Amino acid sequence: MTIFLRIAVLAFLVVGSGLAVAQNPPPAAAIASAHPLATSAGHGVLEAGGNAFDAAVAVSAALAVVEPYSSGLGGGGFWLLHRAEDNVEIMIDGRERAPLAATSQMYLDETGKLIDRASIDGPLAAAIPGLPAALAYLSEHYGRLSLAKTLAPAIGYANEGFEVDEPYRRQVTFRLPVLRRWPAASRVFLSNGKVPMLGERIKQPALAATLEALAAQGAAGFYQGSVAEALVDGVRAAGGIWRLEDLAQYQVVEREPVRGKYRGFNIISASPPSSGGVALLTMLNILAQEDLSTFSETTRAHFIIEAMRRAYRDRARYLGDPDFVDIPVEKLIHPYYGAGLRAGIRLDRVTPSAHLPGIGNQESGRHTTHFSIMDREGNWVAATLSINYPFGSGFMPPGTGVLLNDEMDDFAAAPGVPNVYGLIGNQANAIAPGKRPLSSMTPTFVEDERGVLVLGTPGGSRIITMVLLGILNHVEGRDLTHLVSQPRFHHQYFPDEVQYEPQAFDKAQIRRLQALGHRLTPYERRWGNMQALFWDRLRNRVEAASDPRGVGQAVVR
Ligand code: DON
């Protein structure tokens, strides 16, 4: 190596990303997603000369077709990007927005009581989708292939159909009443009004046509013209409040991710309107005050639970759409703040949530999707996408093939009134026209000189704590398989209980945690579908893993 090259490499090591990173790109590309057809769509696009961002468009669109209960053109999401050429990290915020006719009282009756399921089922529950705009934006600003190329696999899947599998049947069964109510949705997703059989094919020609319009005209193909008219007409005819103006005004926002450090690792994660990165960093800053490896298993779990409790209190107290409310992000993610919160934690007993100052908050999760992508150029993407509840609102405007979200339910419908997941919020997350509902989605990068971890998961409010547990495993040197499969536990401030996956604690540990004052409730379901990649720089190897709880596929090529 010449002396100049040495200096250049050294300079890169120093200024590159604040990390002593290797200058070589990854030796392989990798994609982990919640469905084999989506993973394969992404690899196809990489092989056709696309970069990780093109692949992210292809995977997002494919998931919109083959995992319709989790995400879709009628929903939104966050795409966290790392671009190799200039080491830029950015978050594409394609979160849904409240319609302009939305009001803070819209889900309440005259007595101020929540109208049952109004923010969950049907067209009134749907916020203005962000996913189509985000795909067009990603393609235009970060990709190198045309949308026609990157959307082609999804269009193919929509025309030819995909096979019904177990998760599909489970989610349809769960949402059968609402899907039956709306003829367009019922024709596509049911078989003569019933749950389709395993192996039956779900074809979506109307969705294929909408994807074609997006491919041909970019965002205008969805937010203007005949698709937009059909969306608005369908919503209004069924009692919703969308207007053409809502669609015409929708804008993707590029946001700075939140950043922090934990034990020498750089953490880069989703910023508001997701609560994910902020809550994650608050928890890590609390945990960083101690050496977890010196704790007994019970003290370790207890300390993590107490950190979760405090971060979720702050989530309920402070977080909302940053375009509408001032959020003290710098304070919440500051190590000193974490140290202060640590000081309030006793290792020998719980702090009941009611003893913490502030407002109640609870949530848990059903469906949403995450994928992680890395290309051989050193670009990577972590994306979590959602239509909220399984099959969103269950409502499909006729002729569009677009199943609408029920992301309006992620707002606090009224102070102290819980949402479908039991979530309680305050003014920061109150409904307002054009506002984005607070999310828990936490696409995240974790980096140090040894490598780059790209991860995320669905799971409602548990998303953030699942990502936390994944990071702790990674920091402790566990492999990717362990990271995606480990039994999980969760605390979210209110209700004041530790939710846990049955295998997470044994009987003795449950007794010891109870002795510290914890109330523990086992839950069988909804422990996520994590999709993770690791570029091991020391071994020059790329690994990928898909959560065994789902049917996803991780492929390194
Ligand atoms: O944005 C959010 O936080 C929720 N809409 C995510 C919902 C979810 O993850 C359901 N998944 N299992």
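Residues numbered from 1 in each chain as written. Predicted model: local features only at pLDDT ≥ 70, side-chain atom pairs only at ≥ 80, totals over all residues. Heavy atoms only, no water.

Caption draft 1: A look at the pairing of strand E7 (residues 258-262). Residue alternation in E7 divides its side chains into a buried set, Val 258, Gly 260 and Tyr 262, and an unburied set, Arg 259 and Lys 261. Alignment of E7 against strand E8 (residues 265-269), held across five bridges, turns out to be antiparallel. Paired with Gly 260 across the bridge in E8 is Ile 267. Turn length for the E7-E8 hairpin, with the two strands adjacent in sequence and antiparallel, is two residues, and the turn residue Arg 263 shows positive phi of about 50°. (Buried < 20%, exposed > 50% of the residue type's maximum accessible area, 1.4 Å probe, protein only. Helix = DSSP H or I, 4+ residues; strand = E, 2+ residues; numbered from the N terminus. Pairing = 2+ DSSP bridges.)

Caption draft 2: Focus on the side chain of Ser 271. Position of Ser 271 relative to the elements: it lies in the loop between E8 and helix H13 (276-287). A relative accessible area of 5% places Ser 271 in the buried class. Side-chain polar atoms of Ser 271 contact the backbone oxygen of Glu 256, separated by 2.8 Å. What Ser 271 contacts, discounting residues up to four positions off in sequence, is Met 91, Arg 255, Glu 256, Pro 257 and Val 258. (Polar contact = N/O pair within 3.5 Å; in protein donor to acceptor, adjacent residues only side chain to side chain. Contact = heavy atoms within 4.5 Å.)

Caption draft 3: Structural detail: the domain arrangement of the protein chain. We note that the domain assignment places domain 1 (38-254 + 372-413) and domain 2 (256-360 + 442-556) within the protein chain. Interface of domain 1 and domain 2: buried area, both sides summed, is about 2,100 Å²; carbon and sulfur atoms make up 68% of it. For Arg 259, the salt bridge is made with Glu 89, and the minimal N-O distance between the two is 3.0 Å. Counting across the domain 1 and domain 2 interface gives five residue pairs in polar contact (both at pLDDT 80 or more). Elements represented by at least two residues in the side of domain 1 that touches domain 2 include exactly helix H2 (36-47), strand E2 (76-83), strand E3 (88-94), helix H6 (166-174), strand E9 (369-374) and strand E10 (380-386). Sort the elements by how many residues they give to the side of domain 1 that touches domain 2 and E10 lands first, with five residues. Of the residues belonging to the side of domain 1 that touches domain 2, the class tally is 12 nonpolar, five polar and seven charged. (Domains from an automatic or database assignment. Buried area = accessible area lost by both parts, 1.4 Å probe. Salt bridge = Lys/Arg side-chain N within 4 Å of Asp/Glu carboxyl O. Nonpolar A, V, L, I, M, F, W, Y, C, P; charged D, E, K, R; others polar.)

Caption draft 4: Region of interest: the UniProt feature "binding site: L-glutamate" (unreviewed entry) in the protein chain. Following the UniProt record, the feature "binding site: L-glutamate" (unreviewed entry) maps to Arg 95, Ser 386, Ile 387, Asn 388, Asp 410, Ser 439, Ser 440 and Gly 460 here. Along the polypeptide, Ser 386 turns up in strand E10. In this structure, Ser 386 is in contact with Ser 70, Ser 71, Gly 75, Gly 76, Glu 96, His 367, Thr 368, Glu 407 and Met 441, ignoring residues within four places of it in sequence. Gly 460 sits in the buried class, given a relative accessible area of 11%. (UniProt positions renumbered as here; feature names shortened; annotations may be inferred.)

Caption draft 5: Geometry of the packing of helix H5 (residues 147-160) against helix H9 (residues 205-217). Relative to each other, H5 and H9 sit at 175°, their axes nearing to 8 Å. Regarding the angle of H5 to H9, the classification is roughly antiparallel. Side by side, H5 and H9 meet where Leu 147, Ala 148, Leu 151, Ala 154, Ile 155, Ala 158 and Asn 159 of the first sit next to Pro 205, Ala 208, Leu 211, Glu 212, Leu 214 and Ala 215 of the second. Among the residues forming the contact of H5 with H9, the class breakdown is 11 nonpolar, one polar and one charged. (Axes fitted to C-alpha atoms, helices over the stretch in contact; angles between N-to-C directions. Parallel < 35°, antiparallel > 145°, perpendicular 65-115°, else oblique.)

Caption draft 6: Molecular detail of the UniProt feature "active site" (unreviewed entry) in the protein chain. Per the UniProt entry, the sites bearing "active site" (unreviewed entry) are Thr 368 in this numbering. One can find Thr 368 in the loop between helix H16 (335-343) and E9. Residue classification places Thr 368 among the buried positions, given a relative accessible area of 7%. Sequence-distant contacts of Thr 368, defined by excluding residues within four places in its chain, comprise Ser 70, Thr 384, Leu 385, Ser 386, Asn 388, Met 441 and Pro 458.

Caption draft 7: The arrangement of the environment of Gly 425 in detail. Within the secondary structure, Gly 425 is located in the loop between E10 and strand E11 (444-448). Using a relative accessible area of 4% as the deciding quantity, one classes Gly 425 as buried. Residues Gly 425 and Gln 509 lie 84 residues apart in sequence; the distance between their C-alpha atoms is 32 Å.

Caption draft 8: Structural detail: the sheet that holds strand E14 (residues 498-500). One open sheet holds the three strands; their spatial order is E13-E14-E15, and the pairing between them is mixed. Strands with a single pairing partner mark the edges of an open sheet, and in this sheet they are strand E13 (489-490) and strand E15 (520-522). One ladder, built from three bridges, connects E14 with E15; its direction is parallel. By the bridge assignment for E15, Tyr 500 is matched with Pro 522.

Caption draft 9: Fine view of unusual backbone geometry. At the junction of Pro 272 and Pro 273, the peptide bond is cis and its omega measures out at 20° in the coordinates. With an omega of -5°, the peptide bond running from Phe 494 to Pro 495 counts as cis. Along the polypeptide, Pro 495 turns up in the loop between E13 and E14. Within the chain, Arg 263 stands out as a residue other than glycine whose phi angle is a positive 50°. Relative to the helices and strands, Arg 263 resides in the loop between E7 and E8.

Caption draft 10: View of the confidence of the model for the protein chain. Scored by pLDDT, the protein chain comes out at a mean of 93, with 94% of its residues at no less than 70. Ranking the helices and strands of the protein chain by mean pLDDT puts helix H3 (residues 52-66) first, with 99, and helix H1 (residues 3-15) last, with 38. Between residues 1-22, whose pLDDT stays under 50, and residues either more than four places distant or in other chains, the model counts 22 contacts. Every residue in residues 360-366 scores below 50 in pLDDT, and together they form 48 contacts with partners more than four places removed in sequence or on other chains. (pLDDT = per-residue confidence, 0-100.)

Caption draft 11: Seen up close, the pattern of salt bridges. Going through the model one piece at a time under the given rule, you end up with 29 salt bridges. One salt bridge in this structure joins Glu 306 and Arg 310, with 2.8 Å as the shortest N-O distance. Within this pair, Glu 306 and its partner Arg 310 are both found in helix H14 (residues 297-318), separated by four residues, close to a single helical turn. Its relative accessible area of 0% is what places Glu 306 among the buried residues. Residue Arg 346 is joined to Asp 348 by a salt bridge in which the shortest nitrogen-to-oxygen separation is 2.8 Å. Judged by its relative accessible area of 40%, Arg 346 falls in the partly exposed class. Shared partners join several salt bridges into a network, and the residues in it are Asp 93, Arg 255, Asp 323 and Arg 436.

Caption draft 12: The arrangement of the packing of aromatic side chains in detail. Counting across every chain of the model gives 16 aromatic pairs. An aromatic cluster of three or more residues is present, and its members are Tyr 69, Phe 162, Tyr 168, Phe 189 and Phe 391. If you follow Arg 462 out to its NZ or CZ, it ends over the ring of Tyr 523, 5.0 Å from the centre. Sitting over the face of the ring of Trp 535, Arg 537 holds its NZ or CZ atom 4.4 Å from the ring centroid. (Phe/Tyr/Trp six-rings, centres within 6.5 Å; stacked < 30°, edge-to-face > 60°. Lys NZ or Arg CZ within 6 Å of the ring centre and 35° of its normal.)

Caption draft 13: Seen up close, the environment of Leu 403. Note on placement: Leu 403 falls in the loop between E10 and E11. For the pair Leu 403 and Ala 185, spaced 218 residues apart in the sequence, the C-alpha separation amounts to 7.0 Å. Beyond its immediate chain neighbours, meaning those up to four positions away, Leu 403 contacts Pro 68, Gly 74, Ala 185, Phe 189, Ile 387, Phe 391, Gly 394, Phe 395 and Met 396.

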